[in-house]
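# Results of the structural survey
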Amino acid sequence: MAVTIYHNPRCSKSRQTLVLLQDRGIEPKVVEYLQDTPDDATLDDFLRKLGLEPRDLMRRKEAPYKELGLDDPGLSREALIAAMVAHPILIERPIVVKGKKVALGRPPENVLDIL
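The paragraphs below set out a description of the structure included in this document. Being a predicted model, the structure only gives us computed values, none of them experimental. (Residues numbered from 1 in each chain as written. Predicted model: local features only at pLDDT ≥ 70, side-chain atom pairs only at ≥ 80, totals over all residues. Heavy atoms only, no water.)

What follows is about the environment of Lys13. Residue position: Lys13 is located in helix H1 (residues 12-23). Note on Lys13: relative accessible area 28%, which makes it partly exposed. Taking the C-alpha atoms as reference, Lys13 lies 15 Å from Leu90; in sequence the two are 77 residues apart. Not counting the four nearest positions on each side in its chain, Lys13 is found in contact with Pro94, Gly105, Arg106 and Pro108. (Helix = DSSP H or I, 4+ residues; strand = E, 2+ residues; numbered from the N terminus. Buried < 20%, exposed > 50% of the residue type's maximum accessible area, 1.4 Å probe, protein only. Contact = heavy atoms within 4.5 Å.)

Written as structure tokens, this is what we have:
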């Protein structure tokens, strides 16, 4: 079964996760999500499979988080997901997908559970 990694090559955890997969003989499809951003439905699916809420998958220290007021508790799930689509730098990485299973590679070893 194919494995996909939503990857940012500038992120050390993302690079470590990619190497971890490759060391196990897995050549995943690499999606550089800053250029090829998952859509709203895909992010919502990832969140549901991870059992997370949108803010749990957001990089809260990134400038757009504060600039856009994403800490507002009144924002809906849909609004937060739309913000991640519009500003993919907000998406925590890496996300690894195998079939219907999804893992967040923080730490990289987390992805071993879905392989």
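This part covers the sheet that holds strand S2 (residues 29-32). The strand order S2-S1-S3-S4 describes an open sheet built from four strands, whose pairing is mixed. Each edge of the sheet is formed by a strand with only one pairing partner; in this case those strands are S2 and strand S4 (101-104). Each adjacent strand pair in this sheet contributes to an overall mean axis angle of 20°, direction not counted. Sheet topology places strand S1 (residues 3-7) next to S2; four bridges connect them, and they run parallel. For Ile5, the partnering residue across the bridge sits in S2 and is Val30. Set on the sheet, H1 makes contact with S1, S2 and strand S3 (95-98); between it and S1 the angle comes to about 160°. Here helix H2 (residues 40-50) sits on the sheet in contact with S1, S3 and S4, set at roughly 85° to S4. (Pairing = 2+ DSSP bridges. Axes fitted to C-alpha atoms, helices over the stretch in contact; angles between N-to-C directions.)

It is worth spelling out the packing of H2 against helix H4 (residues 77-86) at this point. For any two helices packed against each other, one specifies the inter-axial angle together with the distance between the axes. Interaxial distance between H2 and H4 falls to 9 Å at its minimum, and their mutual angle equals 115°. Seen from above, H2 lies across H4 with right-handed handedness. Contact residues: H2 offers Asp40, Leu43, Asp44, Leu47 and Arg48, while H4 offers Arg77, Ile81, Ala82, Met84 and Val85. (Left-handed = near helix turned anticlockwise from the far one by under 90°.)

What follows deals with the pairing of S1. The buried count for S1 comes to five of five residues, which makes it a mostly enclosed element. Pairing of S1 with S3, which is carried by four bridges, proceeds in the antiparallel orientation. Each bridged residue has a counterpart across the sheet, and for Ile5 the counterpart in S3 is Val96. A crossover connection joins S1 to the parallel S2 through H1; in handedness this β-α-β unit is right-handed. (Right-handed = clockwise from strand over helix to strand, strands pointing away.)

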